[in-house]
Amino acid sequence: MFNRIRFLTAGESHGQSLTVLLDGLPAGLSLSESYIGQQMSRRQLGYGRGGRQLIEKDWALITSGVRHGFTLGSPISMSIENKDWVNWTKVMSISKIDEEIKRVTRLRPGHADLPGTMKYGYDDVRNVLERASARETAARVAGGAVARRLLEHFGVEINSHSLSIGGVWASVSGPIDWAIVEKSPVRCVDEKAGKQMMMAIDDAKEMGDTVGGVVEVVAEGLPIGLGSHVQWDQKIDGRIAQALMSIHATKAVSIGDGWESVNRRGSQVHDVIEPVKDPTNSWIRKTNRSGGTEGGMTTGSALVARFAIKPISTLKNPLPSVDLDSGDLVQAHYERSDVCQVPPAGVIGEAMLSLVLADAFLEKFGGDSIAEISRNFEGYQKTVRPRNM
Ligand code: EPS
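Residues numbered from 1 in each chain as written. Predicted model: local features only at pLDDT ≥ 70, side-chain atom pairs only at ≥ 80, totals over all residues. Heavy atoms only, no water.

Colleague: Which residues make up the overall build of the protein, and what are the values?
Modeller: What the protein contains, in helices and strands, is 10 helices and 16 strands. A compact globule built from 389 residues would reach a C-alpha radius of gyration of about 21 Å, and the protein, at 22 Å, matches this within 12%. In the protein, which comprises 389 residues, the share counted as buried stands at 51%. For the protein, long-range pairs separated by at least 24 residues make up 72% of all intrachain contacts whose partners lie at least 6 apart in sequence. Only carbon and sulfur atoms are counted for the fraction: they give 54% of the accessible area of the protein, which is about 18,800 Å². (Helix = DSSP H or I, 4+ residues; strand = E, 2+ residues; numbered from the N terminus. Rg over C-alpha atoms; globule rule 2.2 N^0.38 Å. Buried < 20%, exposed > 50% of the residue type's maximum accessible area, 1.4 Å probe, protein only. Contact = heavy atoms within 4.5 Å. Areas by Shrake-Rupley, 256 points an atom, 1.4 Å probe, with all protein chains shown as cover.)

Next up, the structure:
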């Protein structure tokens, strides 16, 4: 997945804590727990979130790789406490307990329950659902925040917004006012659509159901030439697609005009390259239908990706299902959950996009310290212009 950064998470939703391990970041990057905490708070917001977000105050304790406010170049590890753990010490005890714990055997369609219990030979769905839970995205956002910090140092800005929820679509034209998005309970720039999205979430909640939608993530300020055309697994669009597709409940990913472009002719799809007047501001396009990638590389235009979040699988009014032991018809398992995960998905998508782009940035401008990477980056940027300018 990554060429320079190694990123792992560990931890179950109701275990003691989540763990994050990041290796491959350079020395000399300013980084603080409060910076990471700000991103983690953003993830906990969103209309339609479940009761768990009232219990948790997500915070990532940095346990290595940072000294006096700057990265050391050594592995960065973080620990995120699950405050809910105190209510689960028996159910999620590490050691054997002599108390009978009720097994979860009623399989939820749409989650990891059936494939997970068959794959690992479990008799208790909880052994799957604890790790499969979207709680893990708290760890992704912590790791993604470190990557975001690196990109911000080099002038890259990452944002996201909800394009649709429950079939209600925002009408978006022109530059997006990200301050409006951050204030919106559904992270939607279109206030009218936002209100209708909240109504759609309320209606679903009323019916014990759930709703999904579409999120758009945007990275601005990227240099041209991240990724590569030379090998299938180096293409930046493919790497972004995998990272976004790996987010819980994601069922589709597109870049730029994506699916819409197939209805148009090439002359209406490709972004014309404008003549260069100012060598320090080269390769401008008046359109960005490509979403900032061509041939598996960044073009220098905004990187724009969209991903579809399915309505989440835990329904208060459960679907019919089957019991893992008997194979008989039962109602699917229900436990506290969200009604809609689209708003937090934007923040999680920003984190995953940051990790892919930071990895590609380090791949191109490698170096062990921010100072060395800066020299490489500035030297490259001076070459990005027509050859005789
Ligand atoms: C979530 C934490 C989970 C769920 C939700 C998202 O906490 P709990 O299971 O204790 O309520 O609320 O997970 C899911 C919706 C899912 O399908 O796994 C979180 O922190 O984002």
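Alright, that's what it looks like, and here's the rest.
Colleague: Before we move on, could you go through the packing of aromatic side chains and cite the residues and values that matter?
Modeller: Summed over all chains, the structure comprises seven aromatic pairs. Aromatic pair F361 and F365: ring centres 4.7 Å apart, planes at 55°, arrangement tilted. One end of the pair, F361, and the other, F365, are both in helix 9 (residues 342-365), four residues apart, so they sit about a helical turn from each other. Pair check on accessibility: F361 and F365 agree, each one buried. Three or more aromatic residues link up through ring pairs in this structure, and these residues are F154, F361, F365, F377 and Y380. One cation-aromatic arrangement involves K364 over Y380; the distance from NZ or CZ to the ring centre is 4.4 Å. (Phe/Tyr/Trp six-rings, centres within 6.5 Å; stacked < 30°, edge-to-face > 60°. Lys NZ or Arg CZ within 6 Å of the ring centre and 35° of its normal.)

Colleague: Could you give an account of the nonpolar core, naming the residues involved and the relevant values?
Modeller: A general trend in soluble globular proteins is that nonpolar side chains are found buried together. Ranked by internal contacts, the top residues of the largest apolar core, which has 79 residues, are L22, I36, M78, I240 and L357. Of all the elements, helix 9 adds the most residues to this core, at 15 residues. Excluding residues that lie within four positions of it along the chain, I36 makes contacts with L31, A60, I62, M78, A142, A145 and V146. Grouped together as the second largest cluster of nonpolar side chains are six residues, I176, V181, V218 and V304 included. (Core = buried A, V, L, I, M, F, W, Y, C linked by side-chain atoms within 4.5 Å.)

Colleague: Describe helix 7 (residues 191-206), and please don't skip the residues or the numbers.
Modeller: Under the 1.5 Å per step criterion, the end-to-end length of helix 7 is 23 Å for 16 residues, consistent within 8% with the ideal 22 Å. For helix 7, the full list of buried residues reads A193, G194, M197, A200, I201 and A204. Seen from one end, helix 7 has its buried residues packed into an arc of 115°, which puts them on one side. Exposed residues lying more than 90 degrees from the buried face of helix 7 are E191, K192, K195, M199, D203 and E206. Next to the buried residues of helix 7 lie strand 8 (157-165) and strand 9 (168-169). Where helix 7 begins, one side-chain oxygen reaches toward the backbone nitrogen of K192, 3.1 Å away; that side chain belongs to D190. Among the residues trailing helix 7, G208 stands out with phi positive, at a value near 65°. (Expected span 1.5 Å × (residues − 1). Arc of directions from axis to C-beta. Polar contact = N/O pair within 3.5 Å; in protein donor to acceptor, adjacent residues only side chain to side chain.)

Colleague: Quick one: what's the story with the pattern of salt bridges, residue by residue and with numbers?
Modeller: Pairing between side chains becomes possible if they bear opposite charge and their charged atoms approach one another. For the coordinates displayed, the defined rule picks out 30 salt bridges. Linking R49 and D338 is a salt bridge whose minimum nitrogen-to-oxygen distance equals 3.1 Å. With R49 in the loop between helix 1 (33-44) and helix 2 (52-55) and D338 in the loop between strand 16 (329-331) and helix 9, this pair connects stretches of sequence that are 289 residues apart. For R49, a relative accessible area of 14% gives the class buried. For D338, a relative accessible area of 11% translates into the label buried. Two residues, D84 and R336, come together in a salt bridge whose shortest N-O distance is 2.6 Å. Of the two residues, D84 is situated in the loop between strand 7 (76-81) and helix 3 (113-120) and R336 in the loop between strand 16 and helix 9; the sequence distance between them amounts to 252 residues. With relative accessibility at 2%, the residue D84 sits in the buried group. Bridged by salt links that share partners, the residues R42, R148, R149, E152, E182, R187 and E350 form one connected network. (Salt bridge = Lys/Arg side-chain N within 4 Å of Asp/Glu carboxyl O.)

Colleague: Got a sec to walk through the sheet that holds strand 1 (residues 6-10)? Specific residues and values, please.
Modeller: In spatial order, the strands read 1-2-7-4; together these four strands make up an open sheet with antiparallel pairing. Edge positions in the sheet fall to strand 1 and strand 4 (60-64), since each has one partner strand and no second. Recorded for the sheet is a direction-independent mean angle of 20° between the axes of neighbouring strands. With five bridges connecting them, strand 1 and strand 2 (residues 17-23) associate as antiparallel partners. In the sheet register, F7 faces strand 2, and the bridge partner there is L22. (Pairing = 2+ DSSP bridges. Axes fitted to C-alpha atoms, helices over the stretch in contact; angles between N-to-C directions.)

Colleague: Tell me about the packing of helix 5 (residues 137-153) against helix 9, and name the residues and values.
Modeller: For the pair helix 5 and helix 9, the least separation of the axes is 7 Å and the interaxial angle reads 45°. Taken together, the axes of helix 5 and helix 9 lie oblique to each other. The hand of the helix 5/helix 9 crossing is left-handed. On the side of helix 5, the interface is formed by T137, R140, V141, G143, G144, A147, R148, L150 and L151, while helix 9 contributes V347, I348, E350, A351, M352, S354, L355, L357, A358, F361 and L362. (Parallel < 35°, antiparallel > 145°, perpendicular 65-115°, else oblique. Left-handed = near helix turned anticlockwise from the far one by under 90°.)

Colleague: Give me the lowdown on the packing of helix 1 against helix 5, citing residues and values where you can.
Modeller: The N-to-C vectors of helix 1 and helix 5 enclose an angle of 130°; their axes lie 9 Å apart at closest approach. Our classification of the angle between helix 1 and helix 5 gives oblique. Pair helix 1 / helix 5 crosses with right-handed handedness. Contacts between helix 1 and helix 5 pair Y35, I36, Q39, M40, R42 and R43 from the former with T137, A138, V141, A142, A145, V146, R148, R149 and E152 from the latter.

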